[in-house]
There are 2 protein chains.
Amino acid sequence: MRYNVTMVIFARGFEVAGVSAGMKKSGRKDVAIIRNIGPNKVVAAVFTSNRVHAAPVKYSRHALSKNDGRADAVLINSGRANACTGEEGYKNAVESAQYLAKLLGVEDINRIMVASTGSIGKHLEMDKFLPGIDMAVEQLNTSFSNEFAVASAICTTDTVEKMAVYSHTTGKIYSGKTLEDFEQVDVNENSWKIGAVSKGAGMIAPQLATMISVITTDAVLTSDEADEALKYAVEYSFNRIDADGCMSTNDTVFLLSSGTSKITPDLSEFKEKLLEVTMSLARQMIADTEGASHDIEITVINAEEEVHALNIARSVARSNLLKCAIFGNDPNWGRVLASIGVVSESDAVFDAENIDVALNDVWVCKNSGIGESRELVKMAENRAVSIVIDLKVGSKSATVLTNDLTYDYIKENAEYTT
Amino acid sequence: MRYNVTMVIFARGFEVAGVSAGMKKSGRKDVAIIRNIGPNKVVAAVFTSNRVHAAPVKYSRHALSKNDGRADAVLINSGRANACTGEEGYKNAVESAQYLAKLLGVEDINRIMVASTGSIGKHLEMDKFLPGIDMAVEQLNTSFSNEFAVASAICTTDTVEKMAVYSHTTGKIYSGKTLEDFEQVDVNENSWKIGAVSKGAGMIAPQLATMISVITTDAVLTSDEADEALKYAVEYSFNRIDADGCMSTNDTVFLLSSGTSKITPDLSEFKEKLLEVTMSLARQMIADTEGASHDIEITVINAEEEVHALNIARSVARSNLLKCAIFGNDPNWGRVLASIGVVSESDAVFDAENIDVALNDVWVCKNSGIGESRELVKMAENRAVSIVIDLKVGSKSATVLTNDLTYDYIKENAEYTT
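Numbering of residues starts from 1 in every chain and runs along the sequence as written. Each chain gets a letter, beginning with A, and each ligand a number, beginning with 1, in the order they are written. Residues qualify for local features only when their pLDDT is at least 70, as the model is predicted, and side-chain atom pairs are given and counted only at 80 or more; totals for whole chains, interfaces and linings, by contrast, use all residues.

Chemist: Got a minute to help me understand the overall build of chain A in this structure?
Modeler: Of the regular secondary structure elements, chain A holds 10 helices and 16 strands. Here the globule rule reads 2.2 Å times residues to the power 0.38, and the radius of gyration is calculated from C-alpha atoms. Its C-alpha radius of gyration of 22 Å places chain A within 12% of the 22 Å reference for a compact globule of 418 residues. Oriented by its inertia axes, the alpha-carbon framework of chain A measures out at about 70 × 50 × 40 Å. Neighbour density around each residue's C-beta defines its exposure: 20 or more other C-beta atoms within 10 Å make it buried, 12 or fewer make it exposed, and counts between make it partly exposed, where C-beta atoms are placed from the backbone. Looking at the 418 residues of chain A, the share that counts as buried comes to 60%. Secondary structure counts use DSSP, requiring at least four H or I residues in a row for a helix and at least two E residues in a row for a strand, with both numbered from the N terminus.

Here is the structure:
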């Protein structure tokens, strides 16, 4: 191996830990801390736009407005989302941040960010959580096993840990779940990287309260640059995984910059690389929807405005009928057209009589009517399904990722005991 | 029996037939005609608002704009929806109307209405359809067996025929599927009635192209009155069954008045009774979603505006997560709150911290937090599930009906071969 086994996932300038505080019935890890020990300590965040949002979201959003874009640590628990828990829930979120601030010697509590994921409508078990924070702080270090523990500790119904790294030395994106998958990440001291973890088994199946991601970099960013880059990357990745109306109360994404590399990257380049990292995580989440048999990529082309393309792709991604058809390997393009047609004239310009649709590269629908034979469409063989919708009214495009709707989606979401 | 077995379902002044033209693989009935032979011959119609709509919808919408609100007959076929079929599809719709007009001696083709339901993206088999129209015209009469044949001929994946009658003599609504169910309908010649059929196995599962209803009355209505009454009844019944983004390309509702009773009803009263009839049909459709284990009634109360209540009820009705939870008999009120929270501020005024939610009359959520014990909620025992959401900001309310999301929904929609 070309590198020392330390901070393989996260960037230099951080130390991390993931432990079990016994808040999950399964006994799995449920508390994670990502501490910024670099010179920079920049933080940016994107939160759920759900008007009903959890106490940790309220707390962190407020703290971010008071800390000048600087944070010393992120504290995450899984098991309980601390959502719909009223004043006591907020008090618990604040108390957990205070507790960690004290342990780390951080004077300004607003420099501690928190996030929670798990069941809604249940209070955090503080008698377990606070000792868990103690334990995690004691274990903070830079080992790969701790990095992996963080990726595990933020999971709920996820079946696999989600990690992605960009190495500016190699110019490549790395993902996987073992040390070997990241073997080629170069920790060249004269370069910078982006390293991230996330949880969420597809936006199609936010069984709990839902997606959380922590992204670190040792590149030097101002907090404004971090904010701009994060908003850009989230918009074109996490926000384009099927948003099926089941938007979570807890969605939170943090970008932390340690500045340890002392290298200030070209911002445009950094944004694109950050997007590659978040897109890798987004695909990992889509792929982890339990029992899903197809990952579906819906691309709308030749729209008048990008937002029109996006509105149509989202409408198609929300069609339960279409998702069932794809589960059944049925190239049912009529359901694609029907879900395009519900998009209002103010949300998208198109001629309802002049739309082409391709399923796995076969143009089964031409001019909103019967095109090439649906017999030509091969769906059963591959997990990936591609839907391309040509509006023929402009030059803008957008892509949304989703999954098929399967028995196991129902099973998981009906039988999970909250 | 207190009545002659003739026109038990439909009103006086109509004759009907339902036959098999061999367009369904199953050999089941697939062509229906409802002919107005009264003095009035008024028609009103409501069509899908999907921008991608079928040829019969295009044709009938155009015809209605040319016929001064008068029609001699409605022609319906099932098996193929004649949607996404381009110019040839439109030509076929016109040809079928012309064919029927000629057989009935109707000079103005615009006085023939048509509707189709079935698979999208396949052409009508005119070599079977036209002989089917011949057959149906030959059989037109006023027998209950023909009425039942109409209710059958418009079905696709429906497992049961849907019929509803209002008798102004008794003041009651009747529904069912056998002659006995309608035994008490009084055909007093000095009174009026409303009689209707519909198809559609729940808006949650518009497997094909989707809901069609024909409503008849022998009351005297102007075409403007019929239009006003129909729009009102549809708005508060069919439009409040879960619209889950899977709005059909073919939805069509006709109201026909024969005027045979010579009685002009109070319009307000007529509207309310018409709503009771369409609500009965709506409930029958919800109840016919294959495999659904729960019918869910979502009522939002104390909203500032009725449309706010409706927007929230619809958002909740569209939550796959909540529908899965209810299938699992899990009183998961957190998923209710999460689906309320995605409604934008322009679409509904509410305080995200001050919402109450009752599941089957147990106020499990108070002030957006933990309320009465969820253990008190009994769900497994009954098919009906009631969700009441109290916004506490006004006095307006709205109700939306939906179903739970089950294995059988997936099965039917994945395995149905289009």
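Once the structure has been displayed, the description carries forward.
Chemist: Help me out: how do you make sense of the interface of chain B and chain A in this one?
Modeler: Many descriptions give the size of an interface as the accessible area lost when the pieces come together. Residues are scored as being in contact if the C-beta atoms we place from backbone atoms lie within 7 Å. At the junction of the two partners, chain B supplies 49 residues and chain A supplies 50 residues. Listed by contribution, the elements that provide at least two residues to the side of chain B that touches chain A are α8 (320-327), α9 (333-341), β14 (369-370) and α10 (407-415) of chain B. Per element, the largest residue contribution to the side of chain B that touches chain A is seven residues, and it comes from α9(B). For this classification, the nonpolar set comprises Ala, Val, Leu, Ile, Met, Phe, Trp, Tyr, Cys and Pro, the charged set comprises Asp, Glu, Lys and Arg, and every other residue, Gly included, is treated as polar. Split by residue class, the side of chain B that touches chain A holds 22 nonpolar, 22 polar and five charged.

Chemist: Teacher, can you tell me more about the environment of B:Ala21 here?
Modeler: Residues and elements named next belong to chain B. With respect to the secondary-structure elements, Ala 21 resides in the loop between β1 (14-19) and β2 (31-36). The spacing of Ala 21 and Asp 127 is 106 residues in sequence and 9.5 Å in space, taken between C-alpha atoms. The residues contacting Ala 21, other than those within four sequence positions of it, are Asp 30, Val 31, Lys 128, Phe 129, Pro 131, Gly 132 and Met 135.

Chemist: When you look at helix α1 (residues 55-64) of chain B in this model, what are you seeing that I'm missing?
Modeler: Residues and elements named next belong to chain B. With seven of 10 residues buried, α1 lies mostly within the body of the structure. Those residues of α1 that fall on the buried side of the exposure criterion are Ala 55, Pro 56, Val 57, Tyr 59, Ser 60, Ala 63 and Leu 64. Packing partners of the buried residues in α1 comprise β3 (42-47), α2 (86-104), β5 (112-119) and β10 (252-257).

Chemist: Help me understand the nonpolar core, please; the structure alone is not making it clear to me.
Modeler: Soluble globular proteins: nonpolar side chains tend toward being buried together. In this structure, A:Val74, A:Val357, B:Val74 and B:Val357 are the most contacted members of the largest nonpolar core, which totals 267 residues. With sequence-adjacent residues up to four places away left out, A:Val357 is seen in contact with A:Trp333, A:Val336, A:Leu337, A:Val364, A:Cys365, A:Ile387 and A:Ile389. For this analysis, nonpolar core means a set of buried Ala, Val, Leu, Ile, Met, Phe, Trp, Tyr and Cys residues linked through C-beta atoms within 7 Å.

Chemist: Would you mind going over the packing of helix α5 (residues 223-235) of chain A against helix α6 (residues 267-287) of chain A with me for this structure?
Modeler: All names here are of chain A. Packing of α5 against α6 leaves a shortest axis separation of 9 Å and a crossing angle of 45°. As the angle between them shows, α5 and α6 are arranged oblique. For the pair α5 and α6, the crossing hand works out as right-handed. Counted together, Glu 225, Ala 229, Tyr 232, Ala 233 and Val 234 of α5 and Leu 267, Phe 270, Lys 271, Leu 274, Leu 275 and Thr 278 of α6 form the full contact between these two elements. For the contact of α5 with α6, a count of residues per class yields eight nonpolar, one polar and two charged. To obtain each axis, a line is fitted to C-alpha atoms, and for helices this fit is confined to the stretch in contact; angles are then taken between N-to-C directions over 0 to 180 degrees. For this classification, under 35 degrees means roughly parallel, over 145 means roughly antiparallel, 65 to 115 means roughly perpendicular, and everything else is oblique. Here a crossing is called left-handed whenever its near helix is offset anticlockwise from the far helix by less than a right angle, and right-handed whenever the offset is clockwise.

Chemist: Explanation requested: the domain arrangement of chain A in the structure shown.
Modeler: A domain assignment, automatic or from a database, supplies the domain bounds used here. Entries for chain A in the domain assignment read domain 1 (14-287) and domain 2 (295-415). One C-alpha centre belongs to domain 1 of chain A, the other to domain 2 of chain A; they are set 32 Å apart.

Chemist: Got a minute to help me understand the pairing of strand β13 (residues 362-366) of chain B in this structure?
Modeler: Every other side chain in a regular strand lies on the same face of the sheet, so the side chains alternate between the two faces. Residue and element names in this part refer to chain B. Two strands qualify as a pair provided that DSSP identifies no fewer than 2 bridges between them. For strand β12 (residues 356-359) and β13, the ladder comprises two bridges, and the chain directions are antiparallel. Each bridged residue has a counterpart across the sheet, and for Leu 359 the counterpart in β13 is Val 362. Linkage of β12 to β13, two consecutive antiparallel strands, is achieved through a turn of two residues, within which Asn 360 is found at a positive phi near 45°. One ladder, built from two bridges, connects β13 with β14; its direction is antiparallel. Paired with Cys 365 across the two strands is Ile 370, which belongs to β14. What sits between β13 and β14 in their antiparallel hairpin is a turn of two residues, with Asn 367 showing a positive phi close to 50°.

Chemist: Sorry, what's going on with the sheet that holds strand β4 (residues 73-80) of chain B here?
Modeler: Within a sheet, adjacent strands bond to each other through the backbone by hydrogen bonds, running parallel or antiparallel. All names here are of chain B. Across the sheet, which stays open at both edges, the four strands sit in the order β1-β2-β4-β5 with mixed pairing between neighbours. On the outer flanks of this sheet lie β1 and β5, each paired with one strand and no other. Shown here is a sheet whose adjacent strand axes are inclined to one another by a mean of 10°, direction ignored. In this fold α2 packs onto β2, β4 and β5, with an angle of close to 135° to the strand it touches most, β5.

Chemist: Would you take a moment to explain unusual backbone geometry for this structure?
Modeler: Residue and element names in this part refer to chain A. In the Ramachandran plot, Asp 68 falls in the positive-phi region, its phi being about 55° despite a non-glycine side chain. Mapped onto the elements, Asp 68 comes out in the loop between α1 (55-64) and β4 (73-80). Taking the C-beta count within 10 Å as the criterion, Asp 68 has 13 such neighbours and is therefore assigned partly exposed. Of note, the phi angle at Ser 368 is positive, near 60°, even though the residue is not glycine. Looking at the secondary structure, you find Ser 368 in the loop between β13 (362-366) and β14 (369-370).

Chemist: Teacher, can you tell me more about the relation of the copies chain B and chain A here?
Modeler: There are two copies of the chain, and a rotation about an axis plus a shift along that axis relates them. In this comparison the copies share one frame, found by least squares on the C-alpha atoms of residues holding pLDDT of at least 70 in both. Expressed as a screw operation, the relation of chain B to chain A combines 0.0 Å of axial shift with a rotation of 180°, fitting to an RMSD of 0.0 Å. Both copies are brought into coincidence by an operation consistent with a two-fold rotation axis. Using C-alpha coordinates, one finds that chain B approaches the rotation axis most closely at B:Tyr407, a distance of 2.8 Å. In this assembly the copies share their binding face: 100% of the residues contributing to the interface of chain B also contribute to that of chain A.

Chemist: How should the environment of A:Thr299 be read in this particular structure?
Modeler: All names here are of chain A. Position of Thr 299 among the secondary structure elements: in strand β11 (residues 295-303). With 17 C-beta atoms counted inside 10 Å, the residue Thr 299 sits in the partly exposed group. Distance from Thr 299 to Gly 195, taken between C-alpha atoms, is 28 Å for residues 104 residues apart in sequence. For Thr 299, the residues in contact, after removing those within four places along its chain, are Ala 313, Val 388, Ser 397 and Thr 399.

Chemist: How do you make sense of the confidence of the model for chain A when you look at a structure like this?
Modeler: Reading fine detail from the predicted coordinates is not recommended where pLDDT is low. Residue and element names in this part refer to chain A. Counting all residues, the mean pLDDT for chain A is 91, and 94% of those residues have values of 70 or more. Contacts of residues 203-209 to residues separated by more than four positions or lying in other chains number 40 contacts, the stretch itself having pLDDT below 50. For this predicted complex, the interface score ipTM comes out at 0.85, while the overall pTM is 0.87. Per residue, pLDDT measures the predictor's confidence, with a range of 0 to 100.

Chemist: Explain the packing of α2(B) against helix α3 (residues 126-139) of chain B here, please?
Modeler: A pair of packed helices can be characterised by two numbers: the angle between their axes and the separation between those axes. Residue and element names in this part refer to chain B. Packing of α2 against α3 brings their axes to within 10 Å, and their N-to-C directions diverge by 25°. The pairing of α2 with α3 is recorded here as roughly parallel in orientation. Handedness of the α2/α3 crossing: right-handed. Residues Asn 92, Glu 95, Ser 96, Tyr 99, Leu 100, Leu 103 and Leu 104 of α2 touch α3, and the partners they reach there are Met 126, Phe 129, Leu 130, Ile 133, Asp 134 and Val 137. Looking at side-chain class alone, the contact of α2 with α3 contains nine nonpolar, two polar and two charged residues.

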